[in-house]
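Each chain, letter by letter, is given below.
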Amino acid sequence: MSSVVYPGSFNPITHGHTNIVERALSLFDHVVVAIGTSVDKDPTTYLAERMELCRAALGHLGDQITVEGFNGLLVDYVRSKNTRFVLRGLRTLTDYDYEFQMLSMNQSLDQDIEYVLLPTAHKWSFLSSSRVREIAALGGDISNFVHPAIADYYKEQAQS
Ligand code: PNS
């Protein structure tokens, strides 16, 4: 069975991420959605909650996907999943710079690691988790961008 690791902060998972996972399933039998922590990004939503929300958003894909958290280096985690493939979505040229830096660093750490970069569907090319969090924090409607379970989660957060 071929599998690929899709790492990210997923804070929260958006329709753009879900679309990448769905399309990757035409290339791989299984996608491991791996929630990591980035030193540069806001870690305010706890890992367990992000995992639960990812599982809700990807529930329609059944056992073709698993959702896990990981600590430490991505290359070590990828190896532990018995694959060498890493999946990422690309929205813009700015993403490309960031991805190219990350993939080059990771390939320096492990030269067998191979990246599969899928262009984000045009419809979601403007979408980012940080903008979704901002809109939600300001009381806006995020239901066009995320699974209903995630919109509900942020609504409850705003009320508590
Ligand atoms: O969706 P994001 O926030 O761009 O995801 C970033 C993530 C989690 C993929 C990245 O920070 C990562 O790979 N973290 C693991 C630690 C690691 O291996 N760092 C070295 C990367 S060059």
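The structure displayed is predicted, hence computed values, not measured ones. (Residues numbered from 1 in each chain as written. Predicted model: local features only at pLDDT ≥ 70, side-chain atom pairs only at ≥ 80, totals over all residues. Heavy atoms only, no water.)

Describing the pattern of salt bridges
When charged atoms on two side chains of opposite charge get close, those side chains can pair. As enumerated under the stated definition, the model contains 6 salt bridges in all. Between R79 and D110 there is a salt bridge; the shortest N-O distance is 2.9 Å. Pair noted here: R79 is in helix α3 (residues 74-80) and D110 is in the loop between α4 (93-109) and β5 (114-119), with a separation of 31 residues, a long-range link. A relative accessible area of 36% places R79 in the partly exposed class. Taking the relative accessible area as the measure of exposure, D110 reaches 14% and is therefore buried. In this structure, R91 and D95 form a salt bridge, with 2.9 Å as the shortest nitrogen-oxygen distance. (Salt bridge = Lys/Arg side-chain N within 4 Å of Asp/Glu carboxyl O. Helix = DSSP H or I, 4+ residues; strand = E, 2+ residues; numbered from the N terminus. Buried < 20%, exposed > 50% of the residue type's maximum accessible area, 1.4 Å probe, protein only.)

Details of a nonpolar patch on the surface
On the surface, a cluster of nonpolar side chains totalling about 340 Å² of accessible area is made up of L93, Y96 and F100. Within the secondary structure, L93 sits in helix α4. (Patch = residues over 30% accessible without salt bridge, like charges linked within 9 Å, V, L, I, M, F, W, Y side chains within 5 Å. Areas by Shrake-Rupley, 256 points an atom, 1.4 Å probe, with all protein chains shown as cover.)

Describing the nonpolar core
Among the nonpolar cores identified, the biggest contains 34 residues, and V31, V33 and L87 are the most heavily contacted of them. Listed by contribution, the elements that provide at least two residues to this core are β1 (3-8), α1 (15-24), β2 (30-35), α2 (47-57), β3 (65-69), β5, α5 (129-137) and α6 (148-159). Excluding residues that lie within four positions of it along the chain, V31 makes contacts with V4, Y6, V21, A24, L25, Q64, I65, T66 and L87. Grouped together as the second largest cluster of nonpolar side chains are 12 residues, V32, V75, Y77 and L103 included. (Core = buried A, V, L, I, M, F, W, Y, C linked by side-chain atoms within 4.5 Å. Contact = heavy atoms within 4.5 Å.)

What about the pairing of strand β4 (residues 85-90)?
Most of β4 sits inside the fold, with 5 of its 6 residues counted as buried. For β4 and β5, the ladder comprises 6 bridges, and the chain directions are parallel. Looking across to β5, one finds that L87 is bridged to V116. Running through α4, the crossover from β4 to the neighbouring parallel element β5 is right-handed. (Pairing = 2+ DSSP bridges. Right-handed = clockwise from strand over helix to strand, strands pointing away.)

Observations concerning the packing of aromatic side chains
Enumeration according to the criterion identifies 6 aromatic pairs in this entry. Between F28 and F85, the aromatic rings sit 5.6 Å apart at their centres with planes inclined by 55°, giving tilted as the arrangement. Of this pair, F28 sits in the loop between α1 and β2 while F85 is found in strand β4, placing the two residues 57 residues apart along the sequence. Ring centres 6.1 Å apart and planes at 75° place the aromatic pair F126 and F145 in the edge-to-face group. (Phe/Tyr/Trp six-rings, centres within 6.5 Å; stacked < 30°, edge-to-face > 60°.)

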